[in-house]
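If you want the building blocks of each chain, they are given just below.
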Amino acid sequence: MQIRRLVLRGFRNYRELDFSVAGQLCLLLGENAQGKTSLLEAIYCAATGRSFRASLDEELIAWNSREADIRCLVEKDLGEAEIEIQLSRGRNKRIRVNGQLVRRHSDLFGHLNVVTFTPDDLQLVKGSPAGRRRFLDIELAQVSGTYRHDLLNYHHILRQRNSLLKSMAEGRENRETREALAMWDEQLVRCGSRVMWKRTEAVAKLAAIGRHFHGEITNGAEELTICYRPFYEKAVPPTTSPASPAEIETAFRAALARLQPVEIRRGQTMVGPQRDDIDFLIDRRPVRIYGSQGQQRTAVLAGKLAEVDFMREETNEYPVLLLDDVMSELDQQRRQFFLQSVTGRVQTFITATSQAYFPEPFLQKAQVATIKAGSLEV
Ligand SMILES: Nc1ncnc2c1ncn2[C@@H]1O[C@H](COP(=O)(O)OP(=O)(O)OP(=O)(O)O)[C@@H](O)[C@H]1O
Ligand SMILES: [Mg+2]
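The structure displayed is predicted, hence computed values, not measured ones.

Right, let's talk about the domain arrangement of the protein chain for a bit. The assigned domain composition of the protein chain is domain 1 (1-113 + 318-378) and domain 2 (122-316). Between domain 1 and domain 2, the C-alpha centre-to-centre distance is 29 Å. With 21 residues of domain 1 at the contact, the number on the domain 2 side is 19 residues. Summing the contributions of domain 1 and of domain 2, the shared interface buries around 1900 Å²; its carbon and sulfur component is 64%. On inspection of domain 1 and its partner domain 2, the count reaches 1 salt bridge. A salt bridge links Asp 309 to Arg 345; the shortest N-O distance between them is 3.0 Å. In this structure, the connection of domain 1 to domain 2 is made through 2 residue pairs in polar contact (both at pLDDT 80 or more). For the side of domain 1 that touches domain 2, the element with the most residues is helix H9 (residues 332-342), which contributes 6 residues.

Within the open sheet, the 6 strands sit side by side as E8-E12-E13-E3-E14-E15. Their pairing is mixed. Each end of this open sheet is capped by a strand with a single partner; those strands are strand E8 (114-117) and strand E15 (375-377). With direction set aside, neighbouring strand axes in the sheet form an average angle of 20 degrees. Across 3 bridges, the pairing between strand E12 (residues 320-323) and strand E13 (residues 348-352) is parallel. Across the sheet, residue Leu 322 finds its bridge partner in E13, namely Phe 349. Helix-sheet contacts for helix H1 (residues 36-48) involve strand E3 (25-29), E8, E12, E13, strand E14 (367-372) and E15, and the interaxial angle to E13 is about 150 degrees.

Moving on, we get to the pattern of salt bridges. With the rule as written, the count across this model stands at 27 salt bridges. In this structure, the salt-bridge partner of Arg 4 is Glu 75, at a minimum N-O distance of 3.2 Å. On the criterion of sequence distance, the pair formed by Arg 4 in strand E1 (residues 2-11) and Glu 75 in strand E4 (residues 67-76) is long-range, its members being 71 residues apart. The class of Arg 4 is partly exposed, set by a relative accessible area of 22%. Linked by salt bridges that have partners in common, Arg 132, Arg 229, Asp 277 and Asp 279 make up one network.

Judged by pairing direction, the sheet is antiparallel, and its 3 strands sit side by side in the order E9-E10-E11 without closing on themselves. Each end of this open sheet is capped by a strand with a single partner; those strands are strand E9 (224-229) and strand E11 (285-286). Summarising the sheet, E9 and strand E10 (residues 277-282) pair through 6 bridges and their orientation is antiparallel. In the sheet register, Cys 227 faces E10, and the bridge partner there is Asp 279. Relative to E9, helix H5 (residues 175-217) is tilted by about 175 degrees, and along the sheet it contacts E9 and E10.

Taken together, 15 residues are adjacent to ligand 1, and Ala 33, Lys 36, Thr 37, Ser 38 and Ile 61 come closest. Between a nitrogen atom of ligand 1 and a main-chain N or O atom of Ile 61, the distance comes to 2.9 Å. The protein chains hide 75% of the 660 Å² of surface that ligand 1 would expose on its own. Residues that form the shell around ligand 1 fall into these classes: 4 nonpolar, 6 polar and 5 charged.

So, on to the pairing of E13. Every other side chain in a regular strand lies on the same face of the sheet, so the side chains alternate between the two faces. Counting buried residues along E13, 5 of its 5 residues qualify, which places the element largely inside the surrounding structure. Side chains Thr 348, Ile 350 and Ala 352 of E13 all project onto a buried face; the interleaved residues Phe 349 and Thr 351 project onto the opposite face, where all are buried too. Here 5 bridges tie E3 to E13, and the two strands are oriented parallel to one another. Looking at E13, one finds that Leu 29 is bridged to Ala 352.

Cut-offs used in this document
- Residues numbered from 1 in each chain as written.
- Chains lettered and ligands numbered in written order.
- Predicted model: local features only at pLDDT ≥ 70, side-chain atom pairs only at ≥ 80, totals over all residues.
- Heavy atoms only, no water.
- Domains from an automatic or database assignment.
- Contact = heavy atoms within 4.5 Å.
- Buried area = accessible area lost by both parts, 1.4 Å probe.
- Salt bridge = Lys/Arg side-chain N within 4 Å of Asp/Glu carboxyl O.
- Polar contact = N/O pair within 3.5 Å; in protein donor to acceptor, adjacent residues only side chain to side chain.
- Helix = DSSP H or I, 4+ residues; strand = E, 2+ residues; numbered from the N terminus.
- Pairing = 2+ DSSP bridges.
- Axes fitted to C-alpha atoms, helices over the stretch in contact; angles between N-to-C directions.
- Buried < 20%, exposed > 50% of the residue type's maximum accessible area, 1.4 Å probe, protein only.
- Near = heavy atom within 4 Å.
- Areas by Shrake-Rupley, 256 points an atom, 1.4 Å probe, with all protein chains shown as cover.
- Nonpolar A, V, L, I, M, F, W, Y, C, P; charged D, E, K, R; others polar.

Listed below in structure tokens is the structure:
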């Protein structure tokens, strides 16, 4: 899929922008604080309904404006889609696809798929498990409606179960609450196991593609292993990798039986995919603990490239790649490899403060736009 046009009004430091995107490669150049990241953020927002850096929608609205508007025209193998996101102070955002109001914001997924790479993505290997789960969830939510549905449902079950456990911890433990808990247990295990099986399959695919890219970047000197670590598997790397949905369900039930007394005492769910993790290992050692800066970056890079190919496999279309300030972090060989591997395959938006990071043949193929104080010169 490709973005053909992006229109912004009152978004971050963009008062008005009407950007016609030509072709596969778009280079967004500009000094610091001109609006490069904001432009990628607007595209990401059109794809997912939220920002990759703001915690509140209000932060996205220009300071002197009451509302912000993003319109994004996407061309796909099977026709076009126009996505519109309207943000307004003190009101929920409105999302429309081809003029139709989207009621649940997860229904926006799938119309425009994106993979991002920002300096913050180093957190994927360095940061907390929550960030890695989010990476997996966003990726899977973009390609699978069933996953979106199961995940939403799972979080609903989790909230209900937690509030029941809390009331039991506060002394309301009787036949009625125990029966209700048994019902939530069953739903938790069934729905949670479906989420976990999807994650298992996705990580296995990512691992195979990621290993390939990583081998190319490091010229075969290092081996990247990405593995899914279900919540009930504490060892790094996991000693067992779940091989079937039934295996996951059995392990889930066993963990639940073991931990339920603790759950009732603490008033909180202690089992389930909200405690999963993904391990990134180089030569069988955790990158988070032993990896150098360069190794951590390379591992994330390989993971992101794997994500692109994974999405293509799942949806038959390449996603759009958004690369924020990624060149300055890579040495020349890695930069070269990276540009080669995206050029011509995936529509790519790359921001940079200088054109000097890019080799001449690359510049000739690209649409080069300069951003200055929220305006764009193409
Ligand atoms: N809600 C907002 N309204 C108006 N301006 C904003 C808003 N939020 C951020 N800005 C400003 O927009 C400008 C552009 O920010 P952005 O992060 O897009 O810059 P950038 O070009 O990516 O810079 P850098 O190279 O430093 O990463 C900054 O000056 C920022 O303070
Ligand atoms: Mg920036």
